[in-house]
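Close look at the chain arrangement
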Amino acid sequence: MKRSMFSVFVLSAVLAFLYVPIILVVAYGFVPNGIAMTFFASDGSFLGFTGKWYGYIFGGHHAVRALLESFWLSLIVAGISTLVSCVLGTTSALALHKWRGRLQSIHHALVYTPLIMPDILIGISLLMLFVACGVECGFWTILIAHVTFCVSYVTMTVLARLADFDDRITEAAYDLGAGPWYAFFHVQLPILLPGIVAGGLLAFTLSIDDVVITSFVNGAGTNTFPTYVSSMTKHSRNLPSVFALSTLMLIFTCVLVGLSKLITGRTQSKRK
């Protein structure tokens, strides 16, 4: 079937809208002029590219030390919140799948609510809760806040995986003498693993990218990477280091996606 020029134009426009900003982020990580953010001198001559911003990052230069600290804080918070959310989310999904009743309807509503609630409302609610409990905002409040909204995404992802799960497989394991723990780790978990990995990647992405909720519950000296970047974008002469570090994060994300595909492929091949 012959393609119309209009469909090709729309496809090109959508791809450009999605990927040109990413290409620009990678490109501006090599900009030589960090003040004017340009590759050209005042006389119009091309200044070329530079890798000094990557040198700043890998060398721990004092100019980007606070940026690196915020980046590592984001990684730690995202990693811990992802692990906790995967455990709680998987447990919650199993409970929602196995049992029915009014209590489980309330449970489902509580899990689903953070998905549709505005981030600013979640941030204000958590801040008021911490203030009412006399908890000082800092690392732990950020972690609790991230787990609060990440666990819902993991639960829904695993619950969607459980919708296609045949419970007779677990019952067959019980008939063959397997206990509850053995049946879960050797029968259910391998089948649910792609859904858990997908939910974990989604939780990690949402955690490391969050600005609104984190800005309400962070304390002095506990800026995550997104909140720190949002405060330095308009006045820092080291802004290209942000683009360089973002490029490294992009590479790291692609590696995580590749690993998730590998785990999913191996799990499916074992099932076959």
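Calculation criteria
Per chain, residue numbering runs from 1 following the sequence as it is written. Thresholds applied to this predicted model are a pLDDT of at least 70 for local features of residues and 80 or more for the giving and counting of side-chain atom pairs; totals over whole chains, interfaces and linings are not thresholded and use all residues. Hydrogens and water molecules were not included; the side-chain quantities draw on all heavy atoms of the structure. Classification of ring pairs rests on two measures: the distance between centres of Phe, Tyr or Trp rings, Trp counted by its six-membered ring, which must be within 6.5 Å, and the angle between planes, read as stacked under 30 degrees, edge-to-face over 60 and tilted in between. When a residue's accessible area, from a 1.4 Å probe over protein chains only, is under 20% of the maximum for its type it is buried; when over 50% it is exposed; and in between it is partly exposed. Buriedness of a pocket was judged along seven lines, with at least five required to meet protein on both sides within 12 Å; pockets are open sets of points on a 1 Å grid over the protein atoms alone, cavities are sets where a 1.4 Å probe fits but cannot get out, and lining residues have an atom within 4 Å of a point. Grid points are joined across faces, edges and corners, and a volume is the space filled by probe spheres set on the points. Here a helix means four or more residues in a row that DSSP labels H or I, a strand means two or more in a row labelled E, and each is numbered from the N terminus. All amino acids are sorted into three groups, where Ala, Val, Leu, Ile, Met, Phe, Trp, Tyr, Cys and Pro are nonpolar, Asp, Glu, Lys and Arg are charged, and the leftover types, Gly among them, are polar. Expected span of a helix: the number of residues minus one, times 1.5 Å. Two axes enter the bend calculation: one fitted to the seven residues ending at the residue in question, the other to the seven starting there, and the bend is the angle between them. Only buried residues count toward a nonpolar core, which is a set of Ala, Val, Leu, Ile, Met, Phe, Trp, Tyr and Cys residues joined through side-chain atoms within 4.5 Å. Every residue pair with non-hydrogen atoms within 4.5 Å of one another is taken to be in contact. By convention here, the domain bounds are inherited from an automatic or database domain assignment. Axis angles are defined between N-to-C directions and span 0 to 180 degrees, where every axis is a line fitted to C-alpha atoms and, for a helix, only to the segment in contact. Geometric relationships in this document are graded by angle, where less than 35 degrees denotes roughly parallel, more than 145 denotes roughly antiparallel, 65 to 115 denotes roughly perpendicular, and other angles denote oblique. In this scheme the handedness of a crossing depends on how the near helix is turned from the far one: anticlockwise by less than a right angle means left-handed, clockwise means right-handed.

Notes on the packing of aromatic side chains
For the coordinates displayed, the defined rule picks out nine aromatic pairs. Measuring from ring centre to ring centre gives 5.1 Å for Phe 184 and Phe 185, while their planes differ by 75°; the resulting arrangement is edge-to-face. With a relative accessible area of 18%, Phe 184 lands in the buried category. Since its relative accessible area comes to 44%, Phe 185 is described here as partly exposed. Each residue in the set Phe 71, Trp 72 and Phe 225 is aromatic and connected to the rest through ring pairs, giving one cluster.

Digging into the layout of surface pockets
A volume near 510 Å³ is recorded for the largest pocket. What lines the largest pocket is a set of 15 residues, among which Leu 94, Lys 98, Tyr 174, Phe 184 and Gln 188 lie closest to the centre. Of all the secondary-structure elements, those providing two or more residues to the lining of the largest pocket are helix H3 (65-98), helix H7 (167-175) and helix H8 (180-209). Residues belonging to the lining of the largest pocket are distributed by class as follows: eight nonpolar, four polar and three charged.

Some remarks on H8
An α-helical turn contains 3.6 residues, so a residue and the one three or four places further along point in the same direction. Its 30 residues place the ends of H8 only 37 Å apart at the C-alpha level, less than the 44 Å of an ideal helix rising 1.5 Å per residue. Leu 189 marks where H8 bends most, by close to 55°; the proline Pro 190 follows one to four residues later.

Digging into the nonpolar core
Counting residues in each nonpolar core, the largest one holds 25 residues, and the members touching the most others are Leu 126, Val 158, Leu 162, Ile 213 and Val 217. Elements that contribute at least two residues to this core include exactly H3, helix H5 (119-132), helix H6 (139-162), H8 and helix H9 (212-217). The element contributing the most residues to this core is H6, with 10 residues. Excluding residues within four positions of it along the chain, Ile 213 makes contact with Asp 119, Ile 122, Gly 123, Leu 126, Ala 145 and Phe 149. Judged by nonpolar contacts, the second largest core, of 22 residues, contains Val 229, Leu 239, Ala 244 and Leu 245.

A word on the side chain of Thr 222
Relative to the helices and strands, Thr 222 resides in the loop between H9 and helix H10 (225-232). The residues touching Thr 222, leaving out its near neighbours within four places in the chain, are Leu 73, Gly 138, Phe 139 and Ile 142.

Some remarks on the domain arrangement of the protein
Annotation of the protein at the domain level lists domain 1 (1-60 + 238-272) and domain 2 (72-231). Placing the centre of domain 1 and that of domain 2 at their C-alpha centroids yields a distance of 29 Å.

Some thoughts on the environment of Leu 143
Residue position: Leu 143 is located in helix H6. Taking C-alpha positions, Leu 143 is 28 Å from Ile 22, a pair spaced 121 residues apart along the chain. If we skip the residues at most four places from it in the chain, Leu 143 touches Val 77, Ile 80 and Ser 81.

Quick word on the packing of H6 against H8
As a packed pair, H6 and H8 sit with axes 8 Å apart at the nearest point and diverge in direction by 155°. One finds that H6 runs roughly antiparallel with respect to H8. Where H6 crosses over H8, the handedness of that crossing is right-handed. Between H6, through His 146, Phe 149, Cys 150, Tyr 153, Val 154, Thr 157, Val 158, Arg 161 and Leu 162, and H8, the contact on the second element is made entirely by Ile 191, Leu 192, Pro 194, Gly 195, Ile 196, Ala 198, Gly 199, Gly 200, Leu 202, Ala 203, Leu 206 and Ser 207. Here the contact of H6 with H8 is composed, by residue class, of 14 nonpolar, six polar and one charged.

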